[in-house]
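The chain contents come next:
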Amino acid sequence: MFAVTALRVALPLPLPHLFDYAPPARATVDDGWIGCRVRVPFGRGHAIGVVAEVGPPEIDPGKLKPASERLDTEPLIAGELLASLRWAAGYYQRPLGEVLAAALPVDLRQGKPLPDTAPLAWRLTAIGAANLRQLRSGGRPRQLADWLAEAGALDAAAINQRLPDWRPALRSLMGRGFVEECLGAHALRTPERAPPALNPEQAAAAERIRQALGQFDPILIEGVTGSGKTEVYLDAIEAALSRGEQALILVPEIGLTPQTLRRFQQRLPVEVHSFHSGMAEGARARAWTAMRRGEARVLVGTRSAVFAPLPQPGLIIIDEEHDSSYKQQDGFRYHARDFALVRGKALGVPVVLGSATPALETLQLARSGRLAHVHLKKRAAAARAPHVRVLDARRQRLTHGLSEPAFQAIAECLQRGEQALVFRNRRGYAPALLCHDCGYRANCSRCDAALTLHGRDRLICHHCGHRERAPTACPDCGSLALMPQGAGTERVEVALAERFPDAPLVRIDSETTRDHGDLARHFDTLGQGAGLIVGTQMLAKGHDLAKLSLVVVVTIDEGLFSADFRAAEKLAQLLIQVSGRAGRAQAPGQVLLQTHHPEHPLLATLLAGGYPAFAKLELAEREAAGFPPFAHLALLRVDSHREDALQLFMREAHAAARAIVASDPSLSVEVHAPMPAPMARRAGRMRAQMLLSAKLRPGLQAVLRAWNAALFELKSGRGVRWSLDVDPGDLY
Ligand code: ADP
Ligand code: ZN
Ligand code: ZN
């Protein structure tokens with residue numbers, strides 16, 4: 001019998017199977033198709049997918065439709081990357097087509113051809129090399145020829161760095177046949193800056209990574225803010241480059257500033273490519289493609305840069321590895337740090353995780369010996385650790401949220417000609433609007449949440465974006481005593497402007513600051529003299545503020561009592577990061593922590609023993625409570641317009657999970673009862689969730705595979721939106 005071989009295509013659809021097609025007319029099917037993009041007829045139109053397998057179709061061969069077009073002659077996603085993405089699709093319970101689509105830049109996902117990437121470069125010809133000395137020494141053509149002789153090849157960007165207005169010199173060299181064009185894949189440039197001499201701690205860390213090159217070796221660098229982690233990364237990247245290898249550096253969303261990129265570019269002998277959501281699609285596709293072709297040697301990017309191809313892999317670095325922006329919060333909910341570790345293992349390269357406040361998961365891996373642990377305990381550039389003081393707000397009169405001792409410290413800071421950062425992690429004027437007479441609170445009509453007051457009279461829901469005018473009288477009792485409750489960044493700004501009318505004052509939150517350009521303008525306004533910054537966690541990273549010597553944390557009390565199991569960890573990390581902003585340069589830093597709960601154990605531990613003491617205590621609590629990293633979780637998140645549809649699906653999903661677990665008790669997975677989500681209604685939709693937990697991953701994975709398949713079969717699933725979140729970042 002004649003076996004039919006089909007293209008088994010992964011399409012970006014929320015369906016758990018592949019789609020079978022015949023090859024386009026006259027084409028034959030072989031393994032060379034796997035990893036290539038194809039355009040296929042789908043529904044009434046077309047879709048772009050990636051061939052995941054070739055083999056016998058699962059549908060009747062007579063019903064196979066031919067694919068319309070093969071878009072790649074060679075596999076676009078191949079080898080290790082394809083294997084790692086298949087693993088991720090399985091681990092995160094996500095259809096392969098969606099995973100592959102997420103891994104590709106939008107232009108490539110939509111079927112565009114691979115972009116041109118190689119910049120043009122120039123090199124000496126044999127004639128040029130032999131006759132170089134004929135050129136007048138000191139003249140521009142000679143300078144340029146000497147550099148080309150030294151570097152091998154230079155592209156326009158590299159020549160620009162050294163010789164302004166170099167085109168005439170180049171034309172003359174080319175006219176004499178001394179120089180020719182070539183592709184600038186490996187054009188080297190001379191770093192603009194020499195590295196500082198590493199201190200002994202940095203040198204030991206750098207040496208540890210150098211030793212690891214060439215094999216999978218995960219290394220945690222726990223270094224206090226300002227300890228010079230970036231210098232250690234740069235040293236390791238150079239070592240990988242000199243072995244002819246590529247380096248991938250992941251940074252958090254707010255960490256990828258033009259300053260960060262410039263710092264890498266100034267110090268490395270190759271072009272540094274970037275990859276982040278703020279880039280035009282064309283530029284993203286070029287960076288990805290340049291990595292795949294081996295033309296790009298260094299890529300610095302945010303979360304999804306973890307999907308960059310690494311044909312000559314050398315090193316993966318994850319800066320601020322604890323940062324929650326590494327976890328994708330919808331669709332394909334991967335964790336970039338975890339995926340980087342999987343890739344590092346498959347590629348046989350070291351993975352460096354750096355942080356001042358490592359994730360508890362990471363610390364536990366280090367404790368159990370699965371990760372090397374290197375410490376940087378000293379600040380590098382002679383700066384001292386900031387002094388932290390708790391300010392008991394209970395017996396203080398607060399003016400727009402700020403106590404008198406806080407105002408006092410700010411006044412002194414300004415008098416010294418220095419800058420103060422007032423940190424408040426809530427934007428808007430006030431987090432709630434209350435009636436003083438009857439207790440009414442202005443709530444969102446579509447969410448179970450209070451509306452935030454912005455300015456004097458706008459109420460905005462921070463969860464669904466709903467807006468309305470603030471009422472002038474209480475809708476319940478008619479009283480005029482409507483009072484803003486608490487203080488957001490706007491209100492703190494008002495307080496500071498009233499008290500310090502002459503000091504430059506900037507507010508930095510998502511309303512005043514959309515991008516790095518806005519941020520740079522704010523810092524220009526602020527200048528280099530005395531001044532004030534109010535802002536949210538946008539300020540926790542990035543810009544070096546040399547004049548900043550005081551950080552006032554207005555309150556973090558909401559975080560102290562959050563129900564989420566990760567809340568304490570996130571709060572401790574944020575406090576340490578924000579505190580680290582103080583005294584990065586000459587001025588010694590001071591941190592004032594204003595709180596109504598000065599005796600809270602989290603604060604006491606953090607103050608007495610720093611992050612390591614906190615982490616030790618918190619890990620013990622997680623272990624006692626059976627939370628990660630001592631258990632593994634998966635959360636089913638469901639929402640619907642209709643309460644009855646939601647209830648029905650939750651009941652059936654729960655029964656399905658129970659049945660799977662009952663069929664094989666050795667799996668040892670705990671199935672928790674369905675619950676309303678902590679915010680049970682958002683944007684008009686009812687929300688529920690259900691948790692599975694297990695001591696060991698393999699058992700949980702086995703249950704999830706069966707459960708995911710069962711959920712797709714449930715008819716009640718059509719009335720709801722559902723998704724599985726494996727290793728959820730939080731339970732909200
Ligand atoms: P981290 O990334 O750990 O917060 P950075 O690498 O940004 O620290 O270094 C903090 C500051 O110290 C930077 O201004 C950096 O230029 C400087 N620095 C780092 N290492 C050294 C060194 N060995 N000698 C002098 N200055 C250094
Ligand atoms: Zn009222
Ligand atoms: Zn809302």
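Above this note sits the structure.
Notes on the structure follow. Here the structure is a predicted model, which means the values were calculated and not measured.

## A closer look at the coordination of the zinc ion (ligand 2)
Only C435 (SG), C438 (SG), C474 (SG) and C477 (SG) from the protein reach the zinc ion (ligand 2) as donors, at distances of 2.3 to 2.4 Å. For the zinc ion (ligand 2), the 4 donor atoms are set out with angles of 106 to 112 degrees between them, so the coordination reads as tetrahedral. Read from N- to C-terminus, the donor residues coordinating the zinc ion (ligand 2) fall into the pattern C-x2-C-x35-C-x2-C. With C435 in strand β20 (residues 432-435) and C474 in the loop between β23 (467-469) and β24 (482-485), the pair connects residues that are 39 residues apart, well separated along the chain. Each member of the pair, C435 as well as C474, carries the same accessibility label: buried.

## Looking at the packing of helix α20 (residues 643-663) against helix α21 (residues 697-713)
Packed helix pairs are characterised by how far apart their axes lie and by the angle those axes make with each other. Where α20 meets α21, the axes come as close as 10 Å, and the angle between the chain directions of the two elements is 145 degrees. Where α20 crosses over α21, the handedness of that crossing is right-handed. Contacts between α20 and α21 involve F649, A653, A656, A657, I660 and V661 from the former and V703, A706, W707, A710 and L711 from the latter. Grouping the constituent residues of the contact of α20 with α21 by class yields 11 nonpolar, no polar and no charged.

## Quick look at empty space enclosed by the protein
The final tally for this structure, using the stated rule, is 1 cavity of 30 Å³ or more. In this structure, the largest cavity occupies an estimated 80 Å³ of space. A10, P12, R37, I48, G49, V50, G97, L100, A101, L104, L108 and R109 together form the lining of the largest cavity. Secondary-structure elements contributing two or more residues to the lining of the largest cavity are β4 (45-55), α2 (96-103) and α3 (106-109). Its residues placed into classes, the lining of the largest cavity shows 8 nonpolar, 2 polar and 2 charged.

## As for helix α13 (residues 360-367)
Regarding α13, the residues found buried are L360, T362, L363, Q364 and A366. Looking at the buried positions of α13, the neighbouring elements they touch are β9 (217-223), α12 (336-347), β14 (350-355), β15 (372-376), α18 (567-579) and α19 (601-625). G369, located one to two residues past α13, shows a positive phi value of around 80 degrees.

## Topic: the pattern of salt bridges
Taken as a whole and assessed by the stated rule, the structure comprises 43 salt bridges. In this structure, R37 engages D72 in a salt bridge whose closest nitrogen and oxygen atoms are separated by 2.9 Å. Taken together, the positions of R37 in strand β3 (residues 37-42) and D72 in the loop between β5 (69-70) and α1 (79-91) put the pair 35 residues apart, joining distant regions of the chain. Classification of D72 as buried rests on a relative accessible area of 6%. Two residues, D639 and R685, come together in a salt bridge whose shortest N-O distance is 2.6 Å. Within this pair, whereas D639 is found in strand β29 (residues 632-640), its partner R685 is found in strand β32 (residues 685-694), the two being separated by 46 residues in sequence. The residues D639 and R685 share a single accessibility class, namely buried.

## Some details on the site of ligand 1
In the neighbourhood of ligand 1, 17 residues make up the surrounding shell, with A197, Q202, G226, K229 and R263 lying closest. In this structure, an oxygen atom belonging to ligand 1 sits 2.8 Å away from a main-chain N or O atom of G226. The separation between an oxygen atom of ligand 1 and a polar main-chain atom of S227 is 3.3 Å. Here the shell around ligand 1 takes 3 residues from helix α9 (residues 229-242), the largest share from any one element. Among the residues making up the shell around ligand 1, the classes are represented as 6 nonpolar, 7 polar and 4 charged.

## Quick word on the packing of α13 against α19
At a minimum axis distance of 11 Å, the contact between α13 and α19 shows a crossing angle of 90 degrees. Viewed along their axes, α13 and α19 adopt a mutual orientation that is roughly perpendicular. Judged by residue contacts, L360, L363, Q364 and R367 of α13 engage Y611, A615, K616, E618, L619 and R622 from α19. Split by residue class, the contact of α13 with α19 holds 5 nonpolar, 1 polar and 4 charged.

## Concerning the coordination of the zinc ion (ligand 3)
Within the protein, the zinc ion (ligand 3) binds to C444 (SG), C447 (SG), C461 (SG) and C464 (SG); these donor distances fall in the range 2.2 to 2.4 Å. For the zinc ion (ligand 3), the 4 donor atoms in the first shell make angles of 105 to 113 degrees at the metal, so the coordination geometry reads as tetrahedral. When the donors of the zinc ion (ligand 3) are listed by position in the chain, the intervening gaps give C-x2-C-x13-C-x2-C. With a gap of 14 residues between them, C447 in the loop between β20 and β21 (452-454) and C461 in the loop between β22 (458-460) and β23 connect regions that are remote in the sequence. Classification of C461 by relative accessible area gives buried; the value is 2%.

## So, the packing of aromatic side chains
One pass over the full model with this rule turns up 15 aromatic pairs. Ring plane angle 40 degrees and centroid distance 4.9 Å describe the contact between F332 and Y334, whose orientation is recorded as tilted. When sorted by exposure, F332 lands in the same class as Y334, which is buried. With a centroid separation of 4.8 Å and an interplanar angle of 5 degrees, the aromatic rings of F565 and F627 are classed as stacked. Of this pair, F565 sits in the loop between α17 (557-560) and α18 while F627 sits in the loop between α19 and β29, and the two are 62 residues apart along the sequence. The exposure class of F627 is partly exposed, given its relative accessible area of 24%. Of the aromatic side chains, those joined through ring pairs into one cluster are W87, Y91, Y92, F307, F332, Y334 and F339. When the ring centre of W33 is taken as origin, the NZ or CZ atom of R70, which lies over that ring, is 4.2 Å away. When the ring centre of F407 is taken as origin, the NZ or CZ atom of R499, which lies over that ring, is 3.9 Å away.

## Things to note about the sheet that holds strand β12 (residues 298-301)
Pairing is parallel across the open sheet formed by 7 strands, whose spatial order is β11-β12-β10-β13-β14-β9-β15. Each of the sheet's edge strands pairs with one partner strand only, and the pair in question is β11 (272-275) and β15. Adjacent strand axes in the sheet meet at a mean angle of 20 degrees, parallel and antiparallel pairs treated alike. Looking at chain direction, strand β13 (residues 313-319) and β14 are connected through 4 bridges and run parallel. Opposite I317, over in β14, you have V352 as the bridge partner. The strands that helix α11 (residues 281-292) touches are β10 (246-250), β11 and β12; relative to β11, the one it contacts most, it runs at about 125 degrees. Relative to β9, α13 is tilted by about 120 degrees, and along the sheet it contacts β9, β14 and β15.

## A look at the pairing of strand β28 (residues 590-595)
Counting buried positions over the 6 residues of β28 gives 5, a clear majority of the element. When strand β16 (residues 387-392) meets β28, the two strands line up parallel, connected through 6 bridges. What sits directly across from H387, in β28, is Q590. Summarising the sheet, strand β27 (residues 548-553) and β28 pair through 4 bridges and their orientation is parallel. Looking at the pairing, V552 lines up with L592 of β28.

Conventions adopted
Residues numbered from 1 in each chain as written. Chains lettered and ligands numbered in written order. Predicted model: local features only at pLDDT ≥ 70, side-chain atom pairs only at ≥ 80, totals over all residues. Heavy atoms only, no water. Donors = N, O, S within 2.8 Å, 3.2 Å for Na, K, Ca; no water. Tetrahedral: all angles 85-135°; square planar, octahedral: opposite > 155°, others 65-115°. Helix = DSSP H or I, 4+ residues; strand = E, 2+ residues; numbered from the N terminus. Buried < 20%, exposed > 50% of the residue type's maximum accessible area, 1.4 Å probe, protein only. Axes fitted to C-alpha atoms, helices over the stretch in contact; angles between N-to-C directions. Left-handed = near helix turned anticlockwise from the far one by under 90°. Contact = heavy atoms within 4.5 Å. Nonpolar A, V, L, I, M, F, W, Y, C, P; charged D, E, K, R; others polar. 1 Å grid on protein atoms, 1.4 Å probe; cavity = no way out; pocket = protein on both sides within 12 Å on 5 of 7 lines; lining within 4 Å. Points joined across faces, edges and corners; volume = space filled by probe spheres on them. Salt bridge = Lys/Arg side-chain N within 4 Å of Asp/Glu carboxyl O. Near = heavy atom within 4 Å. Polar contact = N/O pair within 3.5 Å; in protein donor to acceptor, adjacent residues only side chain to side chain. Parallel < 35°, antiparallel > 145°, perpendicular 65-115°, else oblique. Phe/Tyr/Trp six-rings, centres within 6.5 Å; stacked < 30°, edge-to-face > 60°. Lys NZ or Arg CZ within 6 Å of the ring centre and 35° of its normal. Pairing = 2+ DSSP bridges.

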